[in-house]
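# Structural features, examined
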Amino acid sequence: LLQITSQDSWASFVRPMVVEHWYLALYFFPFYGIMIMVVNNLITAIIVETSLDTAKADRETERMHNIKDTQRKLQDVEKAISKADGDCSGTVTKDEMMEAYMGDPIVRMKVD
């Protein structure tokens, strides 16, 4: 059966038996057909599983990149707001924000 599954000269092995006992064809040929389907399904399953694992890893990498990017942007906005707090009161008034926005291109870039 291993010789049939691996297609290692299986015809030279099976043909003499089938010629002498025709009913063995009812065993060998369905076995061969089923084994082809099983091997094809296994190969397909491996390819699909690998693709799914790769897609999952890609999504995780993208998620981590997005988190880092969001954290960096948040830090930039916090720096811009603290820079806009001219009187160091811990709060930013509308006038302070507008003054920082209009007067400092770096703050404008961070806030936009």
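A brief look at the structure comes next. (Residues numbered from 1 in each chain as written. Predicted model: local features only at pLDDT ≥ 70, side-chain atom pairs only at ≥ 80, totals over all residues. Heavy atoms only, no water.)

## Considering the pattern of salt bridges
Rule in force here: A pairing counts as a salt bridge when a side-chain nitrogen of Lys or Arg comes within 4 Å of a carboxyl oxygen of Asp or Glu. Numbering of helices and strands runs from the N terminus; a helix is a DSSP stretch of H or I covering at least four residues, while a strand is a stretch of E covering at least two. Under the scheme applied here, a residue whose accessible area is under 20% of the maximum for its type counts as buried, over 50% as exposed, and between as partly exposed, the area being computed with a 1.4 Å probe on protein chains only.
Counting across every chain of the model gives 3 salt bridges. In this structure, Glu 60 engages Arg 63 in a salt bridge whose closest nitrogen and oxygen atoms are separated by 2.8 Å. Of this pair, Glu 60 and Arg 63 both sit in helix α3 (residues 25-84), separated by 3 residues, roughly a single helical turn. What makes Arg 63 partly exposed here is its relative accessible area of 42%. Of the charged contacts in the structure, one is a salt bridge between Asp 69 and Arg 72, with a shortest N-O distance of 2.5 Å. In this pair, Asp 69 and Arg 72 are both assigned in helix α3, 3 residues apart and thus about one turn of the helix distant. Asp 69 sits in the partly exposed class, given a relative accessible area of 22%. Through salt bridges with shared partners, a single ionic network connects Asp 69, Arg 72 and Lys 73.

## Some details on α3
In an α-helix, one full turn covers 3.6 residues, which means residues spaced three or four apart are oriented alike. Defined as follows: Expected span of a helix, by definition, is 1.5 Å for each gap between consecutive residues, and there is one gap fewer than residues.
Here α3 is 60 residues long and its end C-alpha atoms lie 87 Å apart, about the 88 Å a rise of 1.5 Å per residue gives. Buried residues of α3: Ala 25, Phe 28, Phe 31, Tyr 32, Asp 76, Ala 80 and Ala 84, and no others.

## So, the nonpolar core
What counts is decided by this rule: Nonpolar cores were defined as sets of buried Ala, Val, Leu, Ile, Met, Phe, Trp, Tyr and Cys residues, with membership established by side-chain atoms within 4.5 Å.
Within the largest apolar cluster, 6 residues are counted, these being Trp 10, Val 14, Val 18, Ala 25, Phe 28 and Tyr 32. Elements supplying a minimum of two residues to this core: α2 (10-20) and α3.

## Details of a nonpolar patch on the surface
Defined as follows: Patch membership requires over 30% relative accessible area and the absence of a salt bridge. Like charges are linked within 9 Å, and nonpolar side chains (Val, Leu, Ile, Met, Phe, Trp, Tyr) within 5 Å. Values of accessible area rely on a 1.4 Å probe in the Shrake-Rupley scheme; residue burial ignores everything except the protein chains shown.
Among the surface-exposed residues, Ile 34, Met 37, Val 38 and Leu 42 lie close enough to one another that they form a single nonpolar patch of about 380 Å² accessible area. Turning to its location among the elements, Leu 42 is positioned in helix α3. Under the relative-accessibility criterion, Leu 42 is labelled exposed at 52%.

## A look at the packing of α2 against α3
To be explicit about the condition: What counts as an axis is a line fitted to C-alpha atoms, over the stretch in contact for a helix, and the angles between N-to-C directions run from 0 to 180 degrees. Our angle categories are set so that under 35 degrees counts as roughly parallel, over 145 as roughly antiparallel, 65 to 115 as roughly perpendicular, and the remainder as oblique. Any pair of residues with heavy atoms lying within 4.5 Å of one another is described as a contacting pair. Any residue outside Ala, Val, Leu, Ile, Met, Phe, Trp, Tyr, Cys, Pro, Asp, Glu, Lys and Arg is labelled polar, Gly included; the first ten of those are nonpolar and the last four are charged.
Put simply, α2 and α3 touch, their axes get as near as 10 Å, and they point 155 degrees apart. One element, α2, and the other, α3, form an angle in the roughly antiparallel class. Touching Trp 10, Val 14, Met 17 and Val 18 of α2 are Ala 25, Phe 28, Phe 29 and Tyr 32, all from α3. Here the contact of α2 with α3 is built from residues that sort into 8 nonpolar, no polar and no charged.

## Considering α2
To keep things clear, this is the line we draw: Of all possible arcs, the one meant is that of the directions from the helix axis to the C-beta atoms.
Of all the positions in α2, only Trp 10, Val 14 and Val 18 are classed as buried. Projected down its long axis, α2 shows its buried positions confined to an angular sector of 35 degrees, all on one face. Exposed residues lying more than 90 degrees from the buried face of α2 are Ser 12, Arg 15, Val 19 and Glu 20.

## A look at the packing of aromatic side chains
Selection rule: Each aromatic pair joins two rings of Phe, Tyr and Trp (for Trp, the six-membered one) with centres within 6.5 Å, and gets the label stacked for planes under 30 degrees apart, edge-to-face for over 60, and tilted for any other angle.
The final tally for this structure, using the stated rule, is 2 aromatic pairs. With a centroid separation of 6.1 Å and 80 degrees between ring planes, the pair formed by Trp 22 and Tyr 23 is classed as edge-to-face. Pairing Tyr 27 with Phe 31 gives two aromatic rings, centres 6.2 Å apart and planes at 15 degrees, and the pair type is stacked. Placement of the pair is Tyr 27 and Phe 31 together in helix α3, with a separation of 4 residues, close to one helical turn. Overall, Tyr 27 belongs to the partly exposed group, its relative accessible area being 42%.

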